[in-house]
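# Chains, contacts and geometry: an overview
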Amino acid sequence: MDSICAAIGYAELKRLGGMEQVIAARAGATNARIDYVLHRFGVESPVLMTDVSPRVSDVMQKSVVSVHADTPVYDAIQLIDRRRLRGLPVVDDRRRCVGLLNAFKITHHLFPPREESHATRTVVASLADVARTVGAQLICGSLTTDEEEFFLLVGAMRQDSFGPRLANYRGEGRKVLVFVGDRPHIQMLAIEHGARAVIVTGGYAIDPDVEIAARAAGVTLLSAATDTATTVLMSRGSIRAGRMLEEASLSFHKDTRLSDARHKTAAVGAFLFPVVDDHGTMCGILSKSDFIKDIPRQLILVDHNELDQAVRGADHVPIVEILDHHRLGGFTSPTPVLFWNNPVGSTSTIVALCYRQAGIAIPQQIAGVLMAGLISDTLNLTSPTTTAVDSSILKELGAIAKVSPDDFAKELFSVGSPLLTLTPEQAVTADSKPYTEHGHRFVVAQIEELTFAHFPEKQDALLEALEDRRQSEGFLFAALLVTDITTQTSLLLVCGEESFIAQIDYPEVAPRIWQLDGVVSRKKQLLPYLIECLGKMPPG
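Here the residue index of a chain counts from 1 through its sequence in written order. Selection of residues for local features in this predicted model requires a pLDDT of at least 70, selection of side-chain atom pairs for listing and counting requires 80 or more, and totals for whole chains, interfaces and linings are taken over all residues. Neither water nor hydrogens contribute to the side-chain values; these are computed over all heavy atoms in the structure.

## A closer look at the packing of helix 8 (residues 184-192) against helix 9 (residues 208-217)
In the contact formed by helix 8 and helix 9, the axes pass within 10 Å of each other and the chain directions differ by 5°. By the angle class used here, helix 8 and helix 9 are roughly parallel. Counting all contacts with helix 8, which are made through Pro-184, Gln-187, Met-188 and Ile-191, the residues of helix 9 involved are Asp-209, Val-210, Ala-213, Ala-214 and Ala-217. Note on residue categories: nonpolar means Ala, Val, Leu, Ile, Met, Phe, Trp, Tyr, Cys or Pro, charged means Asp, Glu, Lys or Arg, and polar means any other residue, Gly included. Taken together, the residues that form the contact of helix 8 with helix 9 break down as seven nonpolar, one polar and one charged. Only the stretch in contact is used when a helix axis is fitted, and all axes are lines through C-alpha atoms; the angle between N-to-C directions ranges over 0 to 180 degrees. Counting from the N terminus, the helices are the DSSP runs of H or I reaching at least four residues and the strands are the DSSP runs of E reaching at least two. These descriptions rest on fixed angle ranges, namely under 35 degrees for roughly parallel, over 145 for roughly antiparallel, 65 to 115 for roughly perpendicular, and the rest for oblique. We call two residues contacting when some pair of their heavy atoms lies within 4.5 Å.

## Section: helix 10 (residues 228-235)
Listing the buried residues of helix 10 in full gives Thr-231, Val-232, Met-234 and Ser-235. Looking down the long axis of helix 10, one finds its buried residues gathered within 165° of arc, a one-sided arrangement. Buried residues belonging to helix 10 abut helix 4 (73-83), strand 6 (122-125), helix 6 (127-134), strand 8 (148-154), strand 9 (175-180) and strand 10 (197-200). Its side-chain oxygen at 3.1 Å from the backbone nitrogen of Ala-229, Asp-227 defines the N-terminal cap of helix 10. Throughout, exposure labels follow a simple rule: accessible area from a 1.4 Å probe, protein chains only, divided by the maximum for the residue type, with under 20% read as buried, over 50% as exposed, and the rest as partly exposed. Arc definition: directions from the helix axis to the C-beta atoms. Identification of polar contacts relies on pairs of N or O atoms within 3.5 Å, with a donor-acceptor requirement for protein atoms, meaning one able to donate a hydrogen and the other able to accept it, and with residues adjacent in sequence counted only if both atoms are side-chain atoms.

## Some points on the nonpolar core
Grouping buried Ala, Val, Leu, Ile, Met, Phe, Trp, Tyr and Cys residues that are joined through side-chain atoms within 4.5 Å yields what is termed a nonpolar core. One finds Leu-397 and Phe-408 to be the most contacted residues of the largest nonpolar core, which totals 46 residues. Leave out the neighbours within four places in its chain, and Leu-397 touches Ala-352, Ile-362, Ala-367, Leu-370, Met-371 and Leu-374.

## Description of the sheet that holds strand 13 (residues 272-276)
The strand order across the open sheet built from three strands is 12-13-14, with neighbouring strands paired in mixed fashion. The open sheet has two edge strands with one neighbour each: strand 12 (252-253) and strand 14 (282-287). Note: two strands are recorded as paired if DSSP finds a minimum of 2 bridges between them. Both strand 12 and strand 13 contribute to a ladder of two bridges, which runs parallel. Residue pairing in the sheet places Phe-252 in a bridge with Val-275 of strand 13.

## Thoughts on helix 12 (residues 347-358)
For a helix, the expected span equals 1.5 Å multiplied by the residue count minus one. Over its twelve residues, helix 12 runs 17 Å from end to end, which matches the ideal 16 Å to within 8%, given 1.5 Å per residue. Of all twelve residues that make up helix 12, nine are buried, and the element is covered over most of its length. Among the residues of helix 12, Thr-347, Ser-348, Thr-349, Ile-350, Val-351, Ala-352, Leu-353, Cys-354 and Tyr-355 are the ones counted as buried. Along its buried surface, helix 12 packs onto helix 1 (2-16), strand 15 (299-302), strand 16 (319-324), strand 17 (338-341), helix 13 (364-378) and helix 14 (388-401). N-cap assignment for helix 12: the residue whose side-chain oxygen lies 3.4 Å from the backbone N of Ser-348 is Ser-346.

## Looking at the packing of aromatic side chains
Planes of paired rings set the category: under 30 degrees apart is stacked, over 60 is edge-to-face and the rest tilted, where pairs are Phe, Tyr or Trp rings (Trp by its six-membered ring) whose centres lie within 6.5 Å. Applying the stated criterion across every chain, the model contains seven aromatic pairs. On the basis of an interplanar angle of 55° and a centroid distance of 5.5 Å, the ring pair of Phe-41 and Phe-408 is categorised as tilted. Taken together, the residues span a long stretch of sequence, with Phe-41 in the loop between helix 2 (32-40) and strand 2 (47-48) and Phe-408 in helix 15 (residues 405-413) at a distance of 367 residues. Taking the relative accessible area as the measure of exposure, Phe-408 reaches 0% and is therefore buried. Linked through ring pairs, Tyr-435, Phe-442, Phe-477 and Phe-500 together constitute an aromatic cluster. Taking NZ or CZ as reference, Arg-40 lies 5.3 Å from the ring centre of Phe-41, over its face. Counted as over-ring charges are cases with an Arg CZ or a Lys NZ within 6 Å of the ring centre that also lie within 35 degrees of the ring normal.

This is how it looks when you write it as C-alpha cells:
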C-alpha cells in the first residue's frame, strides 16, 4: 500500500513541477485494500512494470528509411547516398522486412570483377523500370512492368557489323535493348532486326521515319537525355531491389532485451538488424552503433533502496532519485542522486514532505491516497515506527482530503482480509522483501488482518507456499509475518534451514509458527531480530 501510494503521489508532484513524462509504476499485483483506496479517491492504478531492462525499442532508429522490393536499385543507391546510409531495409506490401540492401552487393553488381565482366551486358528488369531509371521518354510502344532479361547492346559500330551481330543475338533468343545516339541508320537496323526496345541517347531528335518504322514493327522507342555511356550504366541500376537482397542474418522484436541483442549481434558480421512489432511489421532498425546510446528511461525508487528488492532490470537503467524510510542497503551509483532516507513511519509521509518543500499544494485525491499509505504502514499510528512527523502529516492529509483519518482507518482495515482474498502464493509474495545478510539470502513477507479467525484454516497452505518459494529462489529461509492490527500481535511463519530455525526463541504455537506479542513492524522489530538469529547460527 505505502509503495503504491507513494509512487502515485510522487509522480503527480513531478508532473505538477513540470516533468510531464513521469509515470507511476508498480512491480507487482495490487490487492483488495489497494484497489479500494484507488477507487475511493478516483485514482488509476500505476502501470504494471515487472521489468525495466533496456529494450531494443529504447535505442533503435524509429524513422526507418526503406524501399519496396520492386524499387529499382538505382533509386535505392540515390537514397543510400543522400542519407549516408550503410544499408537499406527492403519491405513488402505489408511492411515486413524481406531483406537488406548493402552498398557492397550493389557495387559488385554494377562493377563486377574482370572475370565476370560479361555480366555487365545483361540486366533483369522491366521496360518501365529501365525507362524510369534512365529518365527516358516514351516515343512509341509500351512500357511493360513484367520483369525480363535484357541484353544490352550499344550501337557504336559500323552498319555492316551491327546488323549481323544483332541478328546473332536475336537468333539466340535474347531480348536486346539497343542504346544508340544520333545514328538513324543504326536505329533503323535495330528496329528491322527485332530489338526489344531502342533507346536514343543524348537527347537527339528522332527522325519521323524511325518512329514510323518502330510503330509498324512493334518496337518500343525511347528518348534519353543522357549520353550513351551514362544511359547504359544507369540502366544496370534498373534491376529491382528484391533481386539484390541479402537476407537479414538477425532480426529482433522491439521488446527484446538490449543485453540479449548485444550478445547475439556480437557474433555476426552484419551491421544492420530489422526490428519488428507483434505483427511482424518493421518498426525500426538497429545498428551496432546504437548499443552505445544513452537509455532514455530513468528510474525513481520509492519505499526501497536495495536493488535486490527493485524491479528487474533496475541495475541497467539510471536511478536518479530514491525516497525511502528503510535501512540502507548498500546502494551505490556512478553519479550523484537525490536520496532522501527519513526514519519516519511511511514513505507516503516523505512524499507529503516533498510537496511541502516544493511549495506545491497537495491535490485532494492525492492527499487521500497518501493518507492511506501512511495509515497502512503505521497501522494508523500504532506501529513502533510511528513518529511525531507522521502524526502531524496525517492530520494535514486528512484535512486536505476532507476525510477523518480514524474513520478511514476503520474502512481500510475492514476491506478484504488478505487471508481470504489472496491465494497462499500471493500472500507470501504480495508484500515481500528479499534481504542479504551474513552471506545469506532470505525473504520476509507481511500481511495485516483484523483478526486471526481465518488463520488456522490457511496455515498449512501458507507454510507450503513459503517452502516452495524458498526452494525455487534458493533462500536460506522464507518468512511470513501475519499481523493482527487490533491486538498488536503477530504470528511468524518460517520455512528454512534447521540451523536457522533453531535460533528462533519466541513461543512456538505450532510447527514452524511462533507468536510475537507486540511485534507489528517488519522493518523496525522483525528484521533486526532475524538478523540477530542469523548471527547466532553455528559456522558452516
